[in-house]
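Chain and residue survey
Below, each chain spelled out in residue letters.
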Amino acid sequence: MKVKWTMLGMVVFFLLSVVMTCCFIWQYRMPKLKAEVLLKQVKAEEMCPRFPEPVPLEHPITSLRVALEKTDLLLRTSIHTTKLPAISAIVVLNDSVLWNGNFGKKNTSDPSSSAPNEYTVYRIASLSKIFPTLMLYKLWEDGLVDSLDDPLEKYAENFTIKNPLGKSGGSGSSSSRTLSSLSPAITLRRMASQLSGLPRRLRSTNLLWSGDTEAALNLLQDDVLVADPGTKCHYSNVAFSLLANILAQKVTGSDFESWVSDNVLKRLNMEDTGFNLTSAIQKQMAVGVYSNGQPAPLYNLGWYRPAGQMYSTAADMAKLMMALLGAYRGTLLRQDTLNTMLTPVIRCHSGYFANSTGTPWEINEQFGYDVVRKDGDLDGFAATLSLVPRLKLGLVILMAGVRPADRDLVSQAYSYLIPAVENAFRNARRILRPPPDPAPYIGFFTYRNMTFYEIKVDSDKVLVMQQFGPQVDSNVPSKYRTIRLDYLQDRVFRVVFESPYPCKMKVNSASVSLEAQDRQLFNFYVFNKKGVSPGFDSPGLNTYRVMRVSGRPYFTS
C-alpha cells in the first residue's frame, strides 16, 4: 500500500499520530505551516499516572516499612499518662492488615493494668454516624428507598420546621416560615452529609434526652433551620438520629439497632461492636479519662444513640474499613454503591472544620488524594476512621482520653503512609491478562489510512499494540509508541501505558491529554469467517472503525 503525503496530510497525520500513541484520535484544526516550524520536538511535561492503580504488592517493601515505623513512633510518643493513657490503631491496605499498634495502659489507675490490644473496646462516639448512612445506602440499593434525594417528609408526614432563610417567599408569607414544597428539601442524602440545615441538637435537650422520634418531630415544629438545606455544611446530631429512627420505623419495620446488628455487624463478624455497654463489655474497655485524668462516666445517649452511642475495637473497625474499600465484594454494599458513598457531596465554607462533606464524612485533601474520615469525640474517648479510597488505604485510631490539640495524628500518619503506598504501587510489576487465544487479534490495523498499528503478542501472550509510520518514527519517542492490552472479557481489552508517561504532550499550540486515554477500553468486532476480528472501537474515546488491513503498508514521501 502506498501513501502519498501532502502538506495538509502531514499536519493531520502528525497530530493524530501523537494522540494515537495512546490509540485515540483527537482531531484538531491547524493552519498550514512551513515544514521547518511544523514538526517541533514533542515536549513531555508532568508525568502520569498521577494516581497509580492499586495492584497486589510483594512484601517486604522498605519504604512502606519505614512509613509504618514512623506511624508507630508518632502514636507511641502521643501517649500521655494523664490526658491520653491508651491508643489502639490499625492500618489496612485493601483486604489486609499492614500494621497494628497498641500503646499505654487500659487503666492507669490500676498499677497492674495491661496494655491495650486490637480487641480492647473503646467508645467510638460519632463514628456511630457511619451506621445510619450504611442503612440509607443499603435500603436504597435494595429498592426500599426510591432515591437518596427523597425528602424527609416522604417518610415523616408530620415533619415541619421554620425556614426563614428559604427563598420561596417574602418575610410575611407562610412559605418562608415553614419548610414547604417550594423550599429546598431536607433530603435523606443531605441529612447524612451535614447539609440538612437542621440544628445540632433539639432545643432544650442534651445528648442524654430520652424522648422518642414523635416527640422530636413535635419539638422541631417550632424550631428553626440554621441554614437553607443543601447550601451550607452544618454539623447536626439531630439529622442522623432522625434519619436512623425514621428509616427503621417507616421502611424496615424494625428498630435501628436491631437492623444494624443483623445487616452490618453480623455480616462482617464485628463481634465486639454494639450499642449496649453491658458489664461484660465494660471489662473489655479501656478506661476513658478527661484531660485532668479523672475517669469519664459511661452514660447512655438516649434518643441520640444513632449519632454517637456505639463502641468497638480496632480489629472490628479494620473489618469495616475493608468492607468500605470493597474488599468483601458485596458482603455489605455493591462497589458502585460504595463509590457513591465515598464521593464528596459539596465543598464546605472556610469556617467549617473540613474542606468538603460526604455521607457521613469529613473530607480533606492530602498529596492530591481525598482523605475520607469520620471523627468522634465523647467524654473520655476520641476516635477516627479514615480512608484513602484511591489507594485502598485505611487507618483507624481509637483513644481513651483527649484527642491531642497540637497535632492531627491522622494527617501526620498519612504524611508518611500516602507517599509510601503510592510509590509501592508505582513500582509494582503489573500483571496483565492475555486473551484465551491471541490469534484473532494479531495483525495490522488502520484508522482512515492515516494512522497504522500492528498488534502482536509478547512472551506472556499479552497483546502489544505498536504505532508506526514515517512521522511517528521520526517525531514520537519510541517508548510512547507501544501500549499493552489487558484482557477483561470476551473481545474487550483495557489500554495500559507503560508508566511513567507524560500527562500531556504538546505540539506547537496543541496539547493532547494522554492521562485521559490510559485505561480506556477497546471493543473488538465479532470474528469473521476467517476467525479474526476485522477491527475495533474505543467508545470512551469516541473512536470507531479502526479496521484490519491485509499487511504492513509502506510509505513514500
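The structure we're discussing is the one just above.
Let me begin by describing the structure that accompanies this report. Treat the numbers as computed from the prediction; the structure is a model and nothing was measured. (Residues numbered from 1 in each chain as written. Predicted model: local features only at pLDDT ≥ 70, side-chain atom pairs only at ≥ 80, totals over all residues. Heavy atoms only, no water.)

Strand order in the open sheet made by the eight strands is E4-E3-E12-E11-E10-E9-E8-E7, with antiparallel pairing throughout. Only two strands of the sheet have a single partner each, and these edge strands are strand E4 (96-104) and strand E7 (346-347). Examined bridge by bridge, strand E3 (residues 86-93) and E4 share eight bridges and lie antiparallel to one another. Bridge pairing in E4 links Ala-89 to Gly-101. Each of E3, strand E9 (362-366), strand E10 (369-378), strand E11 (381-388) and strand E12 (393-400) touches helix H13 (residues 409-427); the most contacted strand, E12, lies at about 155° to it. (Pairing = 2+ DSSP bridges. Helix = DSSP H or I, 4+ residues; strand = E, 2+ residues; numbered from the N terminus. Contact = heavy atoms within 4.5 Å. Axes fitted to C-alpha atoms, helices over the stretch in contact; angles between N-to-C directions.)

With that settled, consider the layout of surface pockets. Here the largest pocket defines a volume of roughly 1,100 Å³. Around the largest pocket, the lining comprises 40 residues; the ones closest to its centre are Pro-54, Asn-94, Leu-325, Pro-389 and Lys-392. Taken together, the residues that form the lining of the largest pocket break down as 22 nonpolar, nine polar and nine charged. What the second largest pocket holds in volume is close to 490 Å³. For the lining of the second largest pocket, the elements supplying multiple residues, two or more each, are H13 and strand E16 (482-489). When residues of the lining of the second largest pocket are assigned to their parent elements, the largest contribution, three residues, is made by H13. (1 Å grid on protein atoms, 1.4 Å probe; cavity = no way out; pocket = protein on both sides within 12 Å on 5 of 7 lines; lining within 4 Å. Points joined across faces, edges and corners; volume = space filled by probe spheres on them. Nonpolar A, V, L, I, M, F, W, Y, C, P; charged D, E, K, R; others polar.)

Turning our attention to the pattern of salt bridges. In total, this model carries 28 salt bridges according to the counting rule given. Among the ionic pairs, Arg-373 bridges to Asp-408, the shortest N-O distance being 2.9 Å. Of this pair, Arg-373 sits in strand E10 while Asp-408 sits in the loop between E12 and H13; the two residues are 35 residues apart in sequence, bridging distant segments of the chain. A residue is classified by how much of its surface remains accessible, and Arg-373, at 7% relative accessible area, is buried. Classification of Asp-408 as partly exposed rests on a relative accessible area of 35%. (Salt bridge = Lys/Arg side-chain N within 4 Å of Asp/Glu carboxyl O. Buried < 20%, exposed > 50% of the residue type's maximum accessible area, 1.4 Å probe, protein only.)

What follows deals with the environment of Gln-221. Positionally, Gln-221 belongs in the loop between helix H6 (213-220) and helix H7 (237-252). A relative accessible area of 36% means that Gln-221 is categorised as partly exposed. Note: C-alpha distance between Gln-221 and Phe-159 (62 residues apart in sequence) is 7.1 Å.

Right, let's get into the state of the cysteines. All told, the structure shown has two disulfides when counted by the stated rule. Here Cys-48 engages in a disulfide with Cys-503; their sulfurs sit 1.9 Å apart. Between Cys-48 and Cys-503, the S-S dihedral sits near 105°, and the bridge is therefore right-handed. Taken together, the residues span a long stretch of sequence, with Cys-48 in strand E2 (residues 47-48) and Cys-503 in the loop between strand E18 (501-502) and strand E19 (504-507) at a distance of 455 residues. (Disulfide = S-S within 2.5 Å.)

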